[in-house]
Structure formats: structure tokens, C-alpha cells
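Chain by chain, the residues run as shown.
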Amino acid sequence: MNFIETIKERARKDRKTIVLPETNDIRTIQAAVKIMEEDIAELVLLGNRDKVLGKAAKYGYDLSEVTIVDPEKTAKLDEYIEVLVEARKSKGMTYEEAKKILLSDYLYFGVVMVKAGDADGMVAGACHATADVLRPSLQILKTAPGTKLVSAIFVMVVPNCEYGSNGIFIFGDAGLNQNPNAEELAHIAGTTAYSFELLVQQDPYVAMISHSTKGSAKHPDVDKVVEATRLAKEMYPEIKLDGEYQVDAAIVPSIGQFKAPGSEIAGNANVLIFPTLDAGNNGYKLVQRLAKAEAYGPLTQGIAKPVNDLSRGCSAEDIVGVVAITAVQASAQR
Ligand SMILES: CC(C)(COP(=O)(O)OP(=O)(O)OC[C@H]1O[C@@H](n2cnc3c(N)ncnc32)[C@H](O)[C@@H]1OP(=O)(O)O)[C@@H](O)C(=O)NCCC(=O)NCCS
Ligand SMILES: CC(=O)OP(=O)(O)O
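The following refers to the structure shown. (Residues numbered from 1 in each chain as written. Chains lettered and ligands numbered in written order. Predicted model: local features only at pLDDT ≥ 70, side-chain atom pairs only at ≥ 80, totals over all residues. Heavy atoms only, no water.)

## Some remarks on the overall build of the chain
Right, so step 1: Looking only at helices and strands, one finds 13 helices and eleven strands in the chain.
Right, so step 2: Here the C-alpha radius of gyration of the chain, 20 Å, is about what a compact globule of 334 residues would show, namely 20 Å.
Right, so step 3: Projecting the C-alpha coordinates of the chain onto the three principal axes gives extents of approximately 65 × 45 × 30 Å.
Right, so step 4: Counted over contacts in the chain with a minimum sequence separation of 6, partners at least 24 positions apart contribute 71%. (Helix = DSSP H or I, 4+ residues; strand = E, 2+ residues; numbered from the N terminus. Rg over C-alpha atoms; globule rule 2.2 N^0.38 Å. Contact = heavy atoms within 4.5 Å.)

Spelled out as C-alpha cells, the structure:
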């Protein structure tokens, strides 16, 4: 079974409820139909029931069996307002402000449903920018116990590729932290290694990416990655991790052994930790578009409950995959 089929099978075995707020986007409707057909997860769609069913029917789909929650009509609105007020009371949020937010921004409504325990996770971002999707989850769900930083990764499945784990990689941070410092970068590396174990179910080999391989270039940007590598080794001694590597040295065995002889990671990396979001975000887009790779994400990690984002360029099939991954993340959360 390939990566995403294995993930779907895992999701089926421990059914979770995932909320999809972007029902105004036809890709969400198409994904919901597929998720029901493939029996991957329970869904909650947000919006006016007649409008959602009408939009689906216009394209020949029937969503009448799916739970649809209308924020305007739900009997739980008061409860959700209280949840939001409680989560944001240190910021001075009032009942009236919370009500206005929940009725005007369904991304907040979906996250509050997750916080209240009425859904196990949320997936959005087909028609909202990443900042708008992730801000409510960071504000309301916050970090998982023992974690200081939420970060965002992509699972990349590259066709006909002998590198990584038979073409499977995780790239981080490719969605959230714009210019992580060395300590944050080390933290992202550790968390991403855990996500690789969880999602790919193989041993992670983590490469800290730079424009330098083992001292071949000198610059403060390189120093940051060298320091992050040192810290990550200290923080996560159990993880196979090294740096600093250029991407070719990280993933191509012959180049890895030429540029960094004797290294266990060089040439064998399946987890790439990029030094900035500029590198990680465009790195994943290059591989997705030029190598025609599947790209699932941005998937958050280090958050209390899973809320995952999508690129606005995503397909309905990408949404299905991210919903299945979200269910697997929810199963793993204690
Ligand atoms: C996500 C993002 C919007 C947060 O920044 P922001 O809106 O300025 O929000 P703030 O910095 O005020 O943070 C909001 C809350 O989230 C928390 N937070 C922000 N980043 C966090 C992180 N990486 N981990 C944990 N918590 C975080 C803050 O502590 C704050 O909590 P509080 O309100 O309870 O005090 C910002 O990091 C961002 O825009 N990232 C880039 C996203 C992007 O465009 N990606 C490219 C496409 S994928
Ligand atoms: C993940 C990402 O880059 O999102 P978008 O393409 O929507 O900016």
C-alpha cells in the first residue's frame, strides 16, 4: 500500500470526527463526498444546510447523510461563546466579541468545536491564507503539553524516486515559522522526526539544510544551522540527525559521501529541516510542481489538537489526504 492509502486505512480503524468549515468551496464538497465514499472519517460541515446541500446538488453530489452544523442556528452557540471567552480571557475577550467572531469567521467556529470536544480536528485553507487558518488554532488550542512551539510540515511523496524513504520525505518548517532561531530550528527538527515516525512509520534520518555542507560556506545563516544542529543533538540524542547539509548532500548517497564522508545521514535523509520559511515553503512547492509530487500539508505539529492547513492551490484529493492524516494525528493524541 502506498503512503496515503496506508494513512486512510489507519484512519478507518480509529474513526475520528473532522470539521470542514470551507463549504463555500467546491473542493471541500468534492472531498466530503470522497471521504464518505471511502469511509475515512466522520465529518462536520459548517454552513447553512440548504446552501451546502444546494451547492453539492448543483454539481451532482448528495451530502444529505453528512452532519452539517449551522453556526447561526446551533443550540450550542452559547456554550461555544463561553469556550472562546475562557480561552481568550487573558486578552480581555467579551461575550459579545466572541459571539461576533464565531458568527462571522467559521475558522474560529471550527476550532472552538475542536476545543469543546465536538470534533477531533479541523482542516481548512483551500480558500483562506495560512495565517488566517492557523491563528485561531494557536490562540485557542495552544501548544501540546511539554511543547513551546507549533510548527508546520509537508509530507512529500515523490514518484519514481529512490531517495528518502522510497520517495517519501517530510519537509519542515514549510508553513508557519518564518525565521526560526537556532533553538526553534532544533525544536522543529525534533518534532518533525516524531511526525515522520507517526505518519510514515519508519525511522527518521534528519538533515539540517543550509547552503553549506560541513563548513563549505561561511555566513551567519550557516552559523545558525550549525548551532541548531548542535542543540538538536543535545536535545534529542535518540534521533539520527546531522547538519549542515545542502539538499544534494542530504539525499543523494554518492554526493553525501563525497561532501560529508562517513556520515550516517548524508545521502540518506528523509526529513529535511529548512533554515527559513522562504526556503521550506518554496522548496515544497518546487518538488510538488516540478517532480509532480503529492504534497500533504501544511500539517501542524506541537499543537494541543490537530488543525491542519491546505494550500489555496490544493485539489479535492489533497483535502481527502489531509483529513485522513488529521484523523491519524488525532488518534495519536493523548
Ligand atoms: C501563524 C501566524 C499568523 C501567527 O502570527 P500572528 O498572527 O502575528 O500572531 P501572534 O504572533 O500575535 O500570535 C497569535 C498567538 O499565537 C501564538 N503563536 C504564534 N506563533 C506560534 C508558534 N509558532 N507556536 C506556538 N504559538 C504561536 C502566540 O503566542 C499568540 O498567542 P496569544 O494570542 O495567546 O498570546 C504567523 O506566524 C504567520 O503569519 N506565519 C506565516 C504563515 C504563512 O504565511 N505561511 C506561508 C504559506 S504556508
Ligand atoms: C502552504 C501554502 O503555501 O499555502 P498557500 O499556497 O495558500 O499560500
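## With respect to helix 9 (residues 220-235)
Note that an α-helix has 3.6 residues per turn; residues three or four places apart therefore point the same way.
Right, so step 1: Relative to the 22 Å expected for 16 residues at 1.5 Å per residue, helix 9 spans 22 Å between its end C-alpha atoms, a close match to the ideal helical length.
Right, so step 2: Listed as buried for helix 9 are Val222, Lys224, Val225, Ala228, Thr229, Leu231 and Ala232.
Right, so step 3: In this fold, the buried residues of helix 9 make contact with helix 8 (182-200), strand 7 (205-209) and strand 8 (240-245). (Expected span 1.5 Å × (residues − 1). Buried < 20%, exposed > 50% of the residue type's maximum accessible area, 1.4 Å probe, protein only.)

## Topic: the packing of aromatic side chains
Right, so step 1: If you walk through the whole model with that rule in mind, you get five aromatic pairs.
Right, so step 2: Arranged with centres 5.3 Å apart and planes meeting at 85°, the rings of Tyr80 and Phe109 form a pair that is edge-to-face. Residue Tyr80 is located in helix 4 (residues 77-87), and its partner Phe109 is located in helix 6 (residues 106-116); the two are separated by 29 residues in the primary sequence. For the pair formed by Tyr80 and Phe109, the shared burial category is buried.
Right, so step 3: Taken together, the ring pairs in this structure connect Phe169, Phe171 and Phe274 into an aromatic cluster. (Phe/Tyr/Trp six-rings, centres within 6.5 Å; stacked < 30°, edge-to-face > 60°.)

## What about the layout of surface pockets?
Right, so step 1: Here the largest pocket is characterised by a volume of approximately 590 Å³.
Right, so step 2: Lining the largest pocket are 24 residues; nearest its centre among them are Ala144, Tyr194, Ile303, Ala332 and Gln333.
Right, so step 3: For the lining of the largest pocket, the elements supplying multiple residues, two or more each, are helix 8, strand 10 (294-301) and helix 13 (316-332).
Right, so step 4: For the lining of the largest pocket, the leading source of residues is helix 8, giving six residues. (1 Å grid on protein atoms, 1.4 Å probe; cavity = no way out; pocket = protein on both sides within 12 Å on 5 of 7 lines; lining within 4 Å. Points joined across faces, edges and corners; volume = space filled by probe spheres on them.)

## A closer look at the site of ligand 1
Right, so step 1: Taken together, 18 residues surround ligand 1, and among them Arg88, Lys91, Arg135, Val150 and Gly175 come closest.
Right, so step 2: Val150 is positioned such that a nitrogen or oxygen atom in its backbone is 2.8 Å from a nitrogen atom of ligand 1.
Right, so step 3: Against a free-state accessible area of 940 Å², the protein chains account for coverage of 63% of ligand 1.
Right, so step 4: If you list the elements that add at least two residues to the shell around ligand 1, you get helix 7 (130-140) and helix 12 (277-290).
Right, so step 5: With five residues, the top contributor of residues to the shell around ligand 1 is helix 7.
Right, so step 6: In terms of residue class, the shell around ligand 1 is made up of seven nonpolar, seven polar and four charged. (Near = heavy atom within 4 Å. Polar contact = N/O pair within 3.5 Å; in protein donor to acceptor, adjacent residues only side chain to side chain. Areas by Shrake-Rupley, 256 points an atom, 1.4 Å probe, with all protein chains shown as cover. Nonpolar A, V, L, I, M, F, W, Y, C, P; charged D, E, K, R; others polar.)

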